[in-house]
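# Breakdown of the fold
Residue-level listing of the chains:
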Amino acid sequence: MGVKIFACGDIVSTDAKDFLDDNIRKVVENADIAICNFEASIKTDGAHPIKKAGPHLVQAPEMIPQLRKYGFDYVSLANNHIYDYGDIAMAHTMSMLEDHGLQYVGCGRDFAQTYQPKVVETNGVKIGLIAGCENEFGCLDEDRGRSGYAWILHRSLEDCVRELKKNVDIVIVLAHAGVENIDFPIKEWREQYRRFCDIGADVVIGHHPHVPQGYEKYGESMIFYSLGNFYFDVDGFEKKSDDSYSVILDIEKDGLKDFDIIFHKKRNGQLCIVKEDEVVYDMDHLNSLLGAEYERLNDTTSLCLFEKYYRGYYEEAMNGMLQKVTFIQGITNIARKTFFPTKSIVERNLLLLHNIKIDSHRFVVQRALYLLTQKDE
């Protein structure tokens with residue numbers, strides 16, 4: 001007898017309303033194991049936002065019993081927003097998950113727990129789950145004496161995959177990484193996900209880019225590069241349809257036998273299962289981006305991202321003038337630096353750290369600069 005595993009992408013809800021329609025609820029309920037990425041800690045009294053570049057996200061406390069009611073069993077906490085409100089909110093989130101019988105992976109109260117996998121045996125099949133995220137604020141890239149989430153490139157995570165392979169039938173890696181809002185994985189993450197397969201992973205399930213990306217069979221393993229958002233209702237996403245997909249893995253003791261793709265999108269505030277031709281992306285096209293033109297696409301996209309975003313980020317962080325600013329932006333920038341020098345320095349340092357620390361940003365800039373220097377020569 002096999003095991004059906006339902007896996008979906010990122011979830012953040014600020015009001016915890018009934019956000020799944022009946023059809024998708026049945027799919028989750030009927031799975032032997034259901035997993036999602038719980039993208040932010042729950043609102044917690046006494047918790048304060050950490051110093052970071054980028055937005056701080058928080059979820060309604062009712063989200064945890066809501067997910068349990070839907071039939072979810074596991075959540076990945078290895079993501080870039082789980083530590084937005086520090087130790088207090090993380091501890092409260094983990095405790096509330098435990099109280100409601102939801103298992104979590106990829107996060108912990110200390111370094112050792114953070115890199116501890118979960119092993120579940122269902123219908124005679126032993127499954128190992130491990131989760132990691134790229135190195136954003138809140139990551140435990142080393143033992144910092146606090147809670148945090150697992151760095152996907154840490155040697156401890158790779159060691160864990162190898163060790164799991166010796167002791168379980170199936171290894172699943174939940175990966176939270178990638179460049180946001182592009183429809184293919186950059187080369188560095190594609191190679192890393194393949195490496196996980198080389199050392200023992202049977203399935204790699206990715207999320208974080210907010211949009212779906214393709215999937216591929218690699219050796220005897222499957223890699224789903226990004227499932228996209230499952231349900232997001234924070235500012236900027238309330239009116240988006242979040243066209244994306246989830247997967248149902250059909251697993252037996254000797255490996256992954258098959259999988260199904262579930263297409264879905266938001267309609268009137270609820271997530272609904274739809275037909276493939278009702279989503280705004282084409283799955284065959286996403287898969288084709290992993291084909292013959294992949295290297296060229298990766299290079300041209302890196303150059304485009306560098307010129308459109310990263311060059312300006314670095315100039316701002318290093319106190320340079322942006323290449324293209326409006327008159328008002330220029331006056332505001334000068335005034336901020338003149339009248340709030342301390343705050344400006346802190347903001348610039350955080351922005352610089354943000355772009356150096358986060359692996360996707362660093363990968364893109366490094367590749368773009370290499371291509372530009374080769375072109376100049």
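Provided above is the structure to which this section pertains.
Residues numbered from 1 in each chain as written. Predicted model: local features only at pLDDT ≥ 70, side-chain atom pairs only at ≥ 80, totals over all residues. Heavy atoms only, no water.

Take the overall build of the protein next. Secondary structure assignment for the protein yields 11 helices and 17 strands. Relative to the compact-globule value of 21 Å for 377 residues, the protein shows a C-alpha radius of gyration of 21 Å, a close match. A buried classification covers 56% of the 377 residues belonging to the protein. When contacts within the protein are restricted to residue pairs at least 6 apart in sequence, those whose partners lie at least 24 apart make up 72%. (Helix = DSSP H or I, 4+ residues; strand = E, 2+ residues; numbered from the N terminus. Rg over C-alpha atoms; globule rule 2.2 N^0.38 Å. Buried < 20%, exposed > 50% of the residue type's maximum accessible area, 1.4 Å probe, protein only. Contact = heavy atoms within 4.5 Å.)

Below, the discussion takes up the sheet that holds strand β6 (residues 118-122). Taken together, 6 strands build an open sheet; the order of strands is β6-β7-β10-β11-β13-β12 and the sheet is mixed. Here the strands that pair on one side only, and so sit at the sheet edges, are β6 and β12 (215-218). Here the strands of the sheet are splayed against their neighbours by 20° on average, with no regard to which way each runs. Alignment of β12 against strand β13 (residues 221-224), held across 4 bridges, turns out to be antiparallel. (Pairing = 2+ DSSP bridges. Axes fitted to C-alpha atoms, helices over the stretch in contact; angles between N-to-C directions.)

Attention shifts here to the sheet that holds strand β8 (residues 139-140). Sheets are built from strands paired through backbone hydrogen bonds, the pairs being either parallel or antiparallel. Across the sheet, which stays open at both edges, the 3 strands sit in the order β5-β9-β8 with mixed pairing between neighbours. Each edge of the sheet is formed by a strand with only one pairing partner; in this case those strands are β5 (107-108) and β8. Bridge count between β8 and strand β9 (residues 148-150): 2 bridges; the pairing is parallel. In the strand pairing of β9, Cys139 is matched with Tyr149.

Further remarks concern the state of the cysteines. The full count for this structure, using the stated rule, is 0 disulfides. Here Cys197 stays free of any disulfide, with the sulfur of Cys160 as its closest cysteine sulfur at 15 Å. (Disulfide = S-S within 2.5 Å.)

Every regular strand shows the same layout, with side chains that alternate between the two sheet faces. Judged by how many residues are buried, strand β7 (residues 125-133) sits mostly within the fold: 8 of 9 residues are covered. One ladder, built from 5 bridges, connects β6 with β7; its direction is antiparallel. By the bridge assignment, Thr122 is partnered in β7 with Val125. With 7 bridges connecting them, β7 and strand β10 (residues 170-176) associate as parallel partners. In the strand pairing of β10, Gly128 is matched with Val171.

Following the criterion strictly, the structure yields 17 aromatic pairs and no others. Centroid distance Phe224 to Phe259: 5.2 Å. Interplanar angle 85°. Geometry classified as edge-to-face. Of the two residues, Phe224 sits in strand β13 while Phe259 sits in strand β16 (residues 255-267), which places them 35 residues apart along the sequence. Judged by relative accessible area, Phe224 falls into the buried class, the value being 0%. (Phe/Tyr/Trp six-rings, centres within 6.5 Å; stacked < 30°, edge-to-face > 60°.)

Its 12 residues place the ends of helix α6 (residues 187-198) 16 Å apart at the C-alpha level, agreeing with the 16 Å of an ideal helix rising 1.5 Å per residue. For α6, every residue scored as buried is listed here: Lys187, Glu188, Trp189, Arg190, Gln192, Tyr193, Phe196 and Cys197. (Expected span 1.5 Å × (residues − 1).)

Attention shifts here to the environment of Gly108. Mapped onto the elements, Gly108 comes out in strand β5. By relative accessible area, Gly108 is classed as buried at 0%. Separated by 192 residues in the primary sequence, Gly108 and Thr300 place their C-alpha atoms 38 Å from one another. Contact partners of Gly108, with chain neighbours within four places excluded, come to Met90, Met94, Gln113, Thr114, Ser147 and Gly148.

In this section: the nonpolar core. Core analysis: the biggest nonpolar cluster contains 113 residues, and Leu67, Phe72, Ile172 and Phe230 have the highest contact counts within it. Apart from residues no more than four positions distant in its own chain, Ile172 is found in contact with Ile5, Ile127, Gly128, Leu129, Ile130, Val203, Ile205, Leu249 and Ile251. By size, the runner-up hydrophobic cluster in this structure holds 6 residues, among which are Val12, Leu57, Phe232 and Val234. (Core = buried A, V, L, I, M, F, W, Y, C linked by side-chain atoms within 4.5 Å.)

In the contact formed by helix α5 (residues 155-167) and α6, the axes pass within 9 Å of each other and the chain directions differ by 35°. Contacts between α5 and α6 involve Leu157, Glu158, Val161 and Arg162 on the former and, on the latter, Gln192, Arg195 and Phe196.

Let us look at the pattern of salt bridges. Scanning all chains against the criterion turns up 26 salt bridges. Two residues, Lys52 and Asp84, come together in a salt bridge whose shortest N-O distance is 2.9 Å. With Lys52 in the loop between β2 (33-38) and α2 (63-70) and Asp84 in the loop between β3 (74-76) and α3 (86-99), this pair connects stretches of sequence that are 32 residues apart. Using a relative accessible area of 0% as the deciding quantity, one classes Asp84 as buried. Here Lys187 and Glu295 are joined by a salt bridge, their closest N and O atoms 3.3 Å apart. (Salt bridge = Lys/Arg side-chain N within 4 Å of Asp/Glu carboxyl O.)

All right, on to helix α1 (residues 22-30) then. Within the span of α1, buried status applies to Ile24, Arg25, Val27 and Val28. Buried residues of α1 fall within an arc of 160° about the axis and therefore sit on the same side. Exposed and facing more than 90 degrees away from the buried side of α1 are Asp22 and Asn30. (Arc of directions from axis to C-beta.)

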